[in-house]
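Residue-level listing of the chains:
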Amino acid sequence: MVEQLLQSLSRFLPETTLTVALCSTVVVSLFLGRKSQATLFVALAGLVLATWFSFDQMGVSETIFSGMVAVDPFSVFFKLLVGLSAILILLFSLYSSEVQSTLHRAGEYSALILAMALGMFLMAGASNLLMMVLAIELTSLSSYILAGYTREASDSSEASLKYIIYGAVSTGVMLYGISILYGLTGATDFYGINRALTEESVNSVALLVSIIMILVGFGYKISAVPFHFWTPDVYEGAPITITAFLSVASKAAGFALMMRFFKVSFIDANAVGLPTGVWTSLQGFEWNKIVAILSVLTMTLGNLVAVWQNNLKRLLAYSSIAHAGYMLMGVVVLSDKGLAAVLIYFMVYLFMNLGAFYVVMLVANKTGSEDIDSYKGLGHRSPLVSVAMVIFFISLAGLPPTAGFIGKLFLFAALLDATWIWLAVVGALNSVVSLYYYVRVVRNMFLRDPEGNAEPILFSTPQLAIVMLLLLPTLFFGLFYSPMVELANASVMMFGIR
Amino acid sequence: MELLGIGILTWITFLPIIGMVAVLIVPKENQGAVKWLPLVITGVQVVLAVIIFFNFNRGMAGINTLEGMQFVEKGTWIDIKGVPWFGRIVVEYFMGVDGLSVSMVLLTALISFIAVIASWNIEKSLKGYMAMLLLLDTGMMGVFVALDFFLFYVFWEVMLLPMYFLIGVWGGPRREYAAIKFFLYTLLGSVLMLLAMIALYFSVTVLDPSTGEKIYTFNMLAMMDPANFEPGSLLAGVGTQWRYIAYVALFIGFAIKVPIFPFHTWLPDAHVEAPTAISVILAGVLLKMGTYGILRISYPIFPDAANYFVVPLAILALINIVYGALCAMAQTDLKKLIAYSSVSHMGVVLLGMAAMNTQGMVGAVFQMFNHGTITAMLFLIVGVIYDRAHTRDIDSFGGLAITMPKYTGIMTVAFFAALGLPGLSGFISEAFSFLGAFQTHRVITILSTAGIVLTAAYMLWALQRMFLGQPNEKWAGLPDINGRELSALVPLAIIVIVLGVYPGLMIDVLTSSLNHLVEVVKTGAPVALVP
Amino acid sequence: MAQEFIQWLSHPGLNHFLIISGILFSFGIFAVLTRRNAILVLMGIELILNAANINFIAFSRYGTGTLDGQVIAIFVIILAAAEAAIALAIVLNIYQNFNTVNVDELNQLRD
């Protein structure tokens, strides 16, 4: 028992590191007093270490703490993704006027970011219903507070209230669904559920109800329609750094958990004669049709509503809803192809979406506005950053030669291969709509003349360096995507699935 | 053929990108360098294109055989091994030309060069303009030399953004609307193309010669061989429903670019609002990509579907010809008139393609080249008058022949070429197209000839209103065409006349390839034509 | 009929608990959907969580024979407390900013 625990602990190093870093930020902020960026750097160091330790876990495949958490390539991938985006977010924070103006609470800020990252690390690996709920809650509770971090701004507090109400309701519903699932199967870990479902047939109506209720929780986490209502408000009201973090890492963790839950719990392990990576659902339970409908609703609504937005943060919020819809297309397939497509998409999404948010932040720092109108003539005032923004947008819209295209390519490929052709067509048409609103911003930047102040906007070298850090992968992976595909290929493996 | 160890097609394609980087590095104050650099780059491109054209072996067919392709460059771009869930992923950097593409390569180089000359007077952020123009150039050239579908698609999409900016920033009063319309229409087409491309990818495998393992491939030539289709895959078989759907998806993608009738509405807007040089490129090269794509991709990969849909294609051609001409007749804006004349002339290309015989196809491709040169002239001519009078209203002119004799002379050549006067290049290609089509679609061709009459009518009518009759006092002081403008127009006029007198120069290049293409399409799938 | 019902009531089994939890859950959802006061909405959420708890414990007792369900219930109680603490803090903050806790009146963030 003790030996097993020790073994588990050694595999738990990234999470432990985060916890230690979390405590250190609190202590450091106590001792170094306020008005200091020190805590941000402590958090940064902790995250870099944790990410490094996760990187070290590559190739491992086991469960720890008696099946609570899986450490397998799949979870490592998402830990890296979350770690990397948290690192980038902290780098953003060093230049964010919202964070810098409330430096006296930087300790709180970095501790919460670490807590959120810890929750997401656990979400990436959770393979037990209890762990799943706890991880989701840890992430959510920290993000509720972070959404309202700029306490003085009423927008921010409104955002956090809306966030917590929607969040709490959907976790409640999810918990209720989990309780039914527990009653039906008598198991709390995914493998046990799978075993129970394989061995005996359960009441299919009750199963359906419980799965739909659990989907509510996932849907909320990844902001899928119709559980998305919080997204635009929270994204608009929260500080930009947090918005960016929520839009990438939180979504990634939600997807990781959702894919693991569905794949592990419902795989038909007895199905024989199928080629590797192909996957069938137990007892003909067609939950993926539900996900397909969610996916269509999500991307269509996200894209259509985004067209009418005038606040860039809000526009990006709807665009991130739409992107969740695209990625859900991969979940519909959930064969290794679909899974890998989602992983590839997330890698791409990390760079392009964070890039777009970072530019929004830089510009908002200088102009004090996130309105699309305030971007008029930006192309002449700050050419380099504007060109970067255009490339991020082109990538988000999915045009070659950017990485966004590769993400879409693999998603569509997975769908067509599984003959979900209508879904692929809907996805493709959606990406045309999405181009329209991205181009609206581009139009303001380059096709319109600046209104009022036409002074050039200058940025410091480190600020531009971060733009480049995000821009170069966006372009490079668009042309040479082998590393990305290879990593995704190595990461589709979940513990216990052949 | 290689220069400095790099293939000539790579040079001709990526030279503009080098130029783009160079232009961006040059300081903004150095206006001269910003203008001369692109001119030199595109000039070199023309030289390379001419080298390719004259070193081209006219006897080799190409189309679906690697051996028949010339100046081939083939290398692995992306090779991801050992992907159990995907098979091995290979994307090739595969370029080559055959008779079908070599004429388009020449056209692209030529039109780009002339577009740079025509851009000499651009003042608003010249650097950005030239950079975008050069990026566009790379995209266009790449489309015509790529033989890997993935590569083709990347080049195809690379053109969109520069075009958006070129129309949107440097265009006329309604530029924003025109630019976004162009962008969305084209993207709509290309996503459909993307889906068809992926479906093809999953249906076609080749064997790796060294390891014997099956590889999914984007190689167009492999896609043209029915034997390479995996049995049971989506697009396997002959004349199946999915093959028709894929063909239609590809067709819509290309049709939007041509543009074919229901998808043409972006064209008048984009042409009218674009600055002169960009209209020239748009009409001269971009429209050809649609028809080139159909000939290069749709026909040989889906011969069964091509045969199945040949009558609808001919009907669309008829609509394009007649509808385009009627619309042109109704215009008072000279640029719009020419824009619609493009719709009509591209209809002739389609009609030639629908003929499914060598004569018609040669006519079609030759018409693509001729329309490229002639419309380029027409748009340049509009640019000349617009620069001086700041209006394009045909009715406001009159008697210009007196004030601008040289201009009138060159315009007459262009207009007569456009209406298909014997002795000028347009006549030959239209005649070939109609003759070819007459053998296959008798009634449709006869109806289409109405388009020729209409074309003659609106062209001559416009000529009469602008140049003959009472001189309008208002324009008495207009200076005649200047040397720079002539230097853009005269080479095109020479080409138009030379090809009109000695069409063999170009037809030689086309014949064997298109002969083979007809063969491929005819024998590819024994499916009955639609009654 | 009534006799039978009383008989059924006096022998509590799994169904009794499930019905209770179902009723609680419905009340919770109802409260969330209809109440406009943030505090009342939070109370509705507590009802939902407790409904889930009843399920967990009932299934643990009557269904599966393992203690997992009861463990989960304890965790959920803690969770609910943490959530309530944060939610109330946020509501307090809202009250300071807006002078109201009516969720309908919070509409600065609109399309």
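**Observations regarding the overall build of chain B**
Assigned secondary structure in chain B consists of 21 helices and six strands. Taking contacts inside chain B between residues at least 6 apart in sequence as the whole, the part at least 24 apart equals 79%.

**Some details on the overall build of chain C**
When its secondary structure is counted, chain C shows four helices and zero strands. Rg of the C-alpha trace for chain C: 18 Å, well past the compact-globule value of 13 Å for 111 residues, more than 25% over. Structurally, chain C occupies a C-alpha span of about 55 × 35 × 25 Å along its principal axes. When contacts within chain C are restricted to residue pairs at least 6 apart in sequence, long-range pairs at least 24 apart make up 47% of them.

**Section: the interface of chain B and chain A**
Contact residues are listed per partner, giving 29 residues for chain B and 32 residues for chain A. Taken together, the elements giving at least two residues each to the side of chain B that touches chain A come down to strand 3 (70–80), helix 5 (149–158), helix 6 (160–170) and helix 7 (175–203) of chain B. Ranked by residue count, the leading element in the side of chain B that touches chain A is helix 7 of chain B, at 13 residues. Counted by class, the side of chain B that touches chain A contains 26 nonpolar, one polar and two charged residues.

**A closer look at the confidence of the model for chain B**
Scored by pLDDT, chain B has a mean of 86; 97% of the residues are at 70 or more. In this model residues 525–531 of chain B is a low-confidence stretch, pLDDT under 50, and it forms 15 contacts with partners more than four residues away in sequence or in other chains.

**As for the domain arrangement of chain B**
Residue and element names in this part refer to chain B. By domain assignment, chain B separates into domain 1 (1–300) and domain 2 (309–531). For domain 1 and domain 2, the distance between their C-alpha centres works out to 23 Å. Contacts between the two partners involve 45 residues from domain 1 and, on the opposite side, 44 residues from domain 2. Sorting the residues of the side of domain 1 that touches domain 2 by element identifies helix 3 (99–118), helix 10 (266–273) and helix 11 (276–301) as the ones contributing at least two each. Broken down by element, the side of domain 1 that touches domain 2 gets its largest block of residues, 13 residues, from helix 11. Of the residues in the side of domain 1 that touches domain 2, the class split is 30 nonpolar, twelve polar and three charged.

**Remarks on the nonpolar core**
Core analysis: the biggest nonpolar cluster contains 464 residues, and Ile344 of chain A together with Val105 and Leu195 of chain B have the highest contact counts within it. Ranked by residue count, the leading element in this core is helix 15 (residues 336–367) of chain A, at 23 residues. Three or more residues apiece are contributed to this core by two domains, here domain 1 (1–300) and domain 2 (309–531) of chain B. Once residues lying within four places of it in the same chain are set aside, the contact partners of Leu195 of chain B are Phe412, Leu416, Ala424, Val425 and Ala428 of chain A together with Ala249 of chain B.

**Observations regarding unusual backbone geometry**
With omega at 5°, the peptide bond leading from Val225 of chain A into Pro226 of chain A counts as cis. Summarising the element assignment, Pro226 of chain A is placed in the loop between helix 10 (204–221) and helix 11 (230–237).

**Looking at the environment of Ser103 of chain B**
Residue and element names in this part refer to chain B. Relative to the elements of secondary structure, Ser103 occurs in helix 3. Sequence separation between Ser103 and Ile52 is 51 residues; the distance between their C-alpha atoms is 9.9 Å. With residues near it in sequence (within four places) discarded, Ser103 still touches Val365, Phe369, Met506, Val509 and Leu510.

**Let's talk about the environment of Met258 of chain A**
All names here are of chain A. Looking at the element boundaries, Met258 is found in helix 12 (residues 240–266). With 40 residues separating them in the primary sequence, Met258 and Phe218 have C-alpha atoms 6.4 Å apart. Excluding residues that lie within four positions of it along the chain, Met258 makes contacts with Phe218, Ile222 and Val331.

**With respect to the interface of chain A and chain C**
Between chain A and chain C, the contact holds 34 residues from the first and 36 residues from the second. Elements represented by at least two residues in the side of chain A that touches chain C include exactly helix 7 (129–147), helix 8 (154–185) and helix 11 of chain A. By residue number, the principal contributor to the side of chain A that touches chain C is helix 8 of chain A, which donates 19 residues.

**Notes on the sheet that holds strand 6 (residues 214–217) of chain B**
All names here are of chain B. An order of 3-4-6-5 is seen for the four strands of this open sheet, with the pairing classed as mixed. Because the sheet does not close on itself, it has two edges, and the strands there are strand 3 and strand 5 (205–207). For this sheet, the mean angle separating the axes of adjacent strands, direction not counted, is 40°. Where strand 4 (residues 88–97) and strand 6 come together, three bridges link them in parallel fashion. Counterpart to Val90 in the pairing with strand 6 is Thr217. In this fold helix 1 (residues 8–25) packs onto strand 3 and strand 4, with an angle of close to 75° to the strand it touches most, strand 3.

**Some words on the arrangement of the chains**
No other pair of the two pairs of chains in contact has as many contacts as chains A and C. Chain B makes no contact with chain C; the smallest distance between any of their C-alpha atoms is 24 Å.

**Quick notes on the pairing of strand 6 of chain B**
Residues and elements named next belong to chain B. With three bridges joining them, strand 5 and strand 6 adopt antiparallel strand pairing. What sits directly across from Leu207, in strand 6, is Lys214. Turn length for the strand 5-strand 6 hairpin, with the two strands adjacent in sequence and antiparallel, is six residues, and the turn residue Gly212 shows positive phi of about 75°.

**Quick notes on the packing of helix 7 of chain A against helix 8 of chain A**
Residues and elements named next belong to chain A. Here helix 7 crosses helix 8 at 175°, and the two axes come no closer than 9 Å. Relative to helix 8, helix 7 is oriented roughly antiparallel. Touching Leu129, Val133, Ile136, Glu137, Ser140, Tyr144 and Ala147 of helix 7 are Ser156, Ala159, Ser160, Tyr163, Ile164, Gly167, Thr171, Leu175, Ile178 and Tyr182, all from helix 8. Grouping the amino acids of the contact of helix 7 with helix 8 by side-chain chemistry returns eleven nonpolar, five polar and one charged.

**Structural notes on helix 3 of chain B**
Look at helix 3 of chain B: 29 Å from first C-alpha to last across 20 residues, which is about the 28 Å you get at 1.5 Å a residue. With 20 of 20 residues buried, helix 3 of chain B lies mostly within the body of the structure.

**Examining the confidence of the model for chain C**
Parts of the prediction with low pLDDT should not have their coordinates interpreted in detail. All names here are of chain C. Put simply, chain C has an average pLDDT of 87, and 97% of its residues get 70 or more. Within chain C, helix 1 (residues 2–10) has the poorest average pLDDT of any element, 84, and helix 2 (residues 14–34) the best, 91. Both scores are given for the predicted complex: the pTM is 0.92, the ipTM 0.93.

**A look at the packing of helix 5 of chain B against helix 7 of chain B**
Residue and element names in this part refer to chain B. At a minimum axis distance of 11 Å, the contact between helix 5 and helix 7 shows a crossing angle of 170°. It follows that helix 5 is roughly antiparallel to helix 7 by the angle criterion. Note on element contacts: helix 7 touches helix 5 through Ser190, Met193, Leu194, Met197 and Leu200, opposite Phe149, Tyr153, Trp156 and Glu157. Looking at the contact of helix 5 with helix 7 residue by residue, the class counts come to seven nonpolar, one polar and one charged.

**Side note on the environment of Ser36 of chain A**
All names here are of chain A. You can see Ser36 is positioned in the loop between helix 2 (13–31) and helix 3 (38–56). Here Ser36 falls in the partly exposed class, since 15 other C-beta atoms lie within 10 Å of it. As a C-alpha pair, Ser36 and Leu47 span eleven residues in sequence and 19 Å in three-dimensional space.

Thresholds, definitions, all that
- Residues numbered from 1 in each chain as written.
- Chains lettered and ligands numbered in written order.
- Predicted model: local features only at pLDDT ≥ 70, side-chain atom pairs only at ≥ 80, totals over all residues.
- Helix = DSSP H or I, 4+ residues; strand = E, 2+ residues; numbered from the N terminus.
- Contact = placed C-beta atoms within 7 Å.
- Rg over C-alpha atoms; globule rule 2.2 N^0.38 Å.
- Nonpolar A, V, L, I, M, F, W, Y, C, P; charged D, E, K, R; others polar.
- pLDDT = per-residue confidence, 0-100.
- Domains from an automatic or database assignment.
- Core = buried A, V, L, I, M, F, W, Y, C linked by C-beta atoms within 7 Å.
- Buried ≥ 20, exposed ≤ 12 C-beta atoms within 10 Å, placed from the backbone.
- Pairing = 2+ DSSP bridges.
- Axes fitted to C-alpha atoms, helices over the stretch in contact; angles between N-to-C directions.
- Parallel < 35°, antiparallel > 145°, perpendicular 65-115°, else oblique.
- Expected span 1.5 Å × (residues − 1).

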